[in-house]
Amino acid sequence: MTATIFDTQDYNYPDNYNEIRPKLKRLEQAIKNLEANLIEADSNANTEMLGQRLADDLNLTVDYASELNPNQLLAATTVDGKVLVIAGAGSGKTKTLTYRTSYLIENGVPPSQILLLTFTRKAANEIKNRAQTLLASSASDSHSLNSSLPNSKVLNDITSGTFHSFCNRLLRQYSGLLGINPRFTILDTGDAEDAIDLVNKEKKYPTQTNIQAFPRKKTLQNIISTSRNRRIHIRDLIEANYPDIAVHIPIIEQLAVDFHEYKRANHLYDFDDIISQVVRHLKTNDTFRQLLQQTYRYIMVDEYQDTNIPQKQLIDLICQPDSVSLMVVGDDNQSIYAFRGANYENILLFGETYPAAKLIKLEQNYRSTPAILDYINALSEQITLGYQKQLYSKIKIAGQKPVFCRLSDERKEAKYIADTVIELKPDYDYNDFAVLCRTSFQSNYIQLEFMERNIPFIVVGGIKFIERRHIKDVLAFVKILYNPNDTISWHRILTLFKGVGAVTATKLTQAINADNNSFEPLLAAPFAKKSEQLKPLYAVLTKASQAESVEQIIDDILDFYIPILKFIEDNWRERSEDFRVLKNLAQEYNSLDNFLENLALDPPNDSIAAMGKTESGSNDDNDKVTISTIHSAKGLEWPVVFVNSLVDGMTPHHRSLSDFEELEEERKLFYVACSRAKTRLYLTAPDYFASYSGYFDKPSRFIAELSADKVSVETVKKYTFESDEPAWW
DNA sequence: GATCCGTGAGTTTTT
DNA sequence: CTCACGGATC
């Protein structure tokens, strides 16, 4: 046992390891089976032959063999069958997918047969654009006489995007075949909560609130969604994770059914429906399934470790025929989305699903210094279950070991980080720094400190533009123009008015839907007298429904809505700033379909209003320190990375301390955070953290578990902090 | 039936 | 701190 930096600490570890032991056994077996199908470039004389064959192939203009490392080359050129690529952090995963895409095209695969599923749309576009550039530049400096080179348009025919955007497109494109209305509305999580609340109130279930309060809508949404994505019955889920509300199980089960029917009746799809409904159609509609199987012959899935069960089913259903080529890429060390239903077992069971599958590993790291790699490899060893892997670098200079520094409190921690940024700034741009937090709330002190020190920063993750109340309000108007059956939006709009509450709103919505979705009931007998504003509402909806452009619609709505906002919010002026952003977005779209779809599935995730404020005189608008949640930092990298709040109970989060699998995920989360760093990694922890949820004062076990030689421990004395006096004294 | 106000309970990560 | 609910009041 090697010494650790905190020998005196002891931690309570989850005690449910034995319960899940059978499951782990199964996973271990599947891993072992697939490891047996590992194909490696080094041990395989084929690689040289492969390189030679590629070099001889006159149809190829890109020099794959010299631009990729041997295993990347293998991944890029292994086309047939089912393949899992374990791509370690910083191993050139995007590059490999880019070259593979180009390789497919060069080998005559029609782009329309390629399906590329990624975690974000940005990732999909990046791969497509880079492949495009690759093909174009190679074509221009190549002596090849190949005349069938793809022109610049061709790559647009590749189907790419997130699971959600892909399924959304399928539902609309094949609405006829599937017998559904193509003009459906997408409910984001907040909308789904509202819908559940609405159904709950309308149905007036006989809840026994005298025994135990009925759960709030947020909890209900969470339970229903988790139940679907993890395929756990509501009863089992509640008994295991929400034992307090067990008395309400029958009602919640009924609510889930009624909620589902409500969505179907009103052409509403929440995030889960978008995927699950496609899966259901694939299972039951042979024509549809065969159509997709014939259309998509080459399928690539990125971030496979973060897929959930419905997403895996979707892939498996399309890939059923042996002739369909499937390559899934991921890193089991980086599965961090279980809270959203992601199932880390998918990647571990790949060998069970596809016994003939091949395994390729990318272990050469192009990102981090050897000292940092040493650290993250040590972290990786602490992860109980997974494919064998060891990242290595060809960089000779070891670089600086990760630094661990413990400070007396969160303010000191923030000061330390700011101090270090300023100290290193001469050698770096602000762009080169990132502060990664377990929860968005943990960045508060950092933000304050950076503001005081005039360090420019941008916050990623946290409160999203699209979730702000006034944006949701305006979009509700747009949504009912698109889908008048969108009862959630109707409800939202109608309750804005004085004299109209939940009951009137529901009745009015029903009247409108019953009247073939005309707006007339707004003017008719029982409702018109409820509020002075229903008449102007009728006018603006009528006007906006005839508008020529998305931008015009937004303008019409804003004319009507801003006076209302003025009345209900005192900071309306500040909020109105956001409307500029909304209008700019609207200008980019020429149809409501695309506008709403993009806003729902690919929302602008940084609050642009906040960005505008920090530009106090600085010309260099883009040079900013990134402050981000760890989740939002996935896939990114920075030369200098700070990971803060490394107190046991914050990282790992206290809610995960009693469950083996949840704790493992926290460990992976920390792994993701550390593996973002290229040259310097700073780990910081305050002495304690106190909130209503508990008092925590031990350093994170993730740091304590490693042998002491992996980090250098820095003492705060080196830094002279400014006075603790508030600025206004 | 709508709204206002006081009280009490819950706060991770996001397509 | 924020959200939801119960009860009083319009």
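Please read all numbers here as calculations on a predicted model, not as lab measurements. Residue numbering note: each chain is counted from 1, following its sequence as written. Note on labels: chains are lettered from A, ligands numbered from 1, in written order. Residue-level local features of this predicted model are given only where pLDDT is at least 70; pairs of side-chain atoms are given and counted only at 80 or more, and the full residue set underlies all totals for whole chains, interfaces and linings. Think of the side-chain values as coming from all heavy atoms in the structure, minus any hydrogens and water.

A few points about the UniProt feature "binding site: ATP" (unreviewed entry) in chain A
At step 1: When the UniProt feature table is mapped onto this chain numbering, "binding site: ATP" (unreviewed entry) sits at A87, G88, A89, G90, S91, G92, K93 and T94.
At step 2: Residue placement: G88 occurs in the loop between β1 (82–87) and α5 (93–106).
At step 3: A 1.4 Å probe rolled over the protein chains alone gives each residue an accessible area, and that area as a share of the maximum for its type sets the label: buried under 20%, exposed over 50%, partly exposed in between. Looking at G88, the relative accessible area reads 6%, which means it is buried.
At step 4: The residues touching G88, leaving out its near neighbours within four places in the chain, are D331, Q334, L362 and L391.
At step 5: Only DSSP runs of H or I covering at least 4 residues are called helices, and only runs of E covering at least 2 are called strands; the numbering of each starts at the N terminus. By secondary structure assignment, the location of G90 is in the loop between β1 and α5.
At step 6: The class for G90 is buried, based on a relative accessible area of 14%.
At step 7: Residues in contact with G90, not counting those within four places in the same chain, are Q364, N365, Y366 and R367. UniProt positions are given in the numbering used here, feature names are shortened, and annotations may be inferred rather than shown by experiment. We call two residues in contact whenever any of their non-hydrogen atoms come within 4.5 Å of each other.

What about the protein's contact with DNA strand B?
At step 1: Any residue with a heavy atom lying within 4 Å of a molecule or strand is counted as near it. In the vicinity of DNA strand B lie 25 residues, with R438, S440, T504, S632 and Y692 positioned nearest.
At step 2: The protein-proximal atoms of DNA strand B, defined as those within 4 Å of the protein, are 51% sugar or phosphate.
At step 3: In this structure, a base oxygen belonging to DNA strand B sits 3.4 Å away from a side-chain N or O atom of H164.
At step 4: Here R340 contributes a side-chain N or O atom positioned 3.1 Å from a sugar or linking oxygen of DNA strand B.
At step 5: Its residues placed into classes, the surface near DNA strand B shows 7 nonpolar, 13 polar and 5 charged. Pairs of N or O atoms within 3.5 Å make up the polar contacts considered here, provided that, within protein, one atom can donate a hydrogen while the other can accept it, and that residues adjacent in sequence are counted only when both atoms are side-chain atoms. Residues are grouped as follows: Ala, Val, Leu, Ile, Met, Phe, Trp, Tyr, Cys and Pro are nonpolar; Asp, Glu, Lys and Arg are charged; all remaining types, including Gly, are polar.

Some words on the sheet that holds β1
In a beta sheet, neighbouring strands pair by backbone hydrogen bonds and run either parallel or antiparallel.
At step 1: DSSP bridges decide pairing: two strands pair if at least two such bridges lie between them. Here 6 strands make up an open sheet; going across it, the order is β3-β2-β6-β7-β1-β8 and the pairing parallel. Of all the strands in the sheet, just β3 (159–161) and β8 (358–362) have a single pairing partner and so form its edges. Across the sheet, the mean angle from the axis of one strand to that of its neighbour is 10°, orientation sign disregarded.
At step 2: As paired strands, β1 and strand β7 (residues 325–330) are joined by 5 bridges and run parallel to one another. Paired with L84 across the strands is V328, a residue of β7.
At step 3: Axis definition: a line fitted to C-alpha atoms, limited for helices to the stretch in contact. Angles are taken between N-to-C directions and run from 0 to 180 degrees. Where helix α4 (residues 70–77) meets the sheet, it contacts β1, β7 and β8, and its direction lies at approximately 140° from that of β8.

Details of the nonpolar core
At step 1: Take the buried residues of types Ala, Val, Leu, Ile, Met, Phe, Trp, Tyr and Cys, join any two whose side-chain atoms come within 4.5 Å, and each joined set is a nonpolar core. Counting residues in hydrophobic clusters, the biggest one holds 53 residues, and the most contacted among them are F350 and Y387.
At step 2: In terms of domain composition, this core takes at least three residues from each of domain 1 (37–168 + 274–362) and domain 3 (378–462 + 612–715).
At step 3: Sequence-distant contacts of F350, that is, excluding residues within four places in its chain, are made with L34, K82, V83, L84, Y304, L326, V328, A357 and Y387.
At step 4: By size, the runner-up hydrophobic cluster in this structure holds 48 residues, among which are L475, F477, I493 and F497. Bear in mind that the domain bounds are from an automatic or database domain assignment.

A word on the domain arrangement of chain A
How large an interface is tends to be reported as the accessible area lost when its parts come together.
At step 1: Here the domain parsing of chain A yields domain 1 (37–168 + 274–362), domain 2 (185–266), domain 3 (378–462 + 612–715) and domain 4 (466–601).
At step 2: The interface of domain 1 with domain 2 comprises 12 residues on the first partner and 7 residues on the second.
At step 3: The term buried area denotes the loss of accessible surface (1.4 Å probe radius) that occurs when two parts are joined, taken as the sum for both partners. When the two sides are added together, the surface that domain 1 and domain 2 hide from each other amounts to roughly 730 Å², 47% of it contributed by carbon and sulfur.
At step 4: The three residues of domain 1 that bury the most area against domain 2 are S276, Q277 and I309, which together make up 42% of that side's buried surface.

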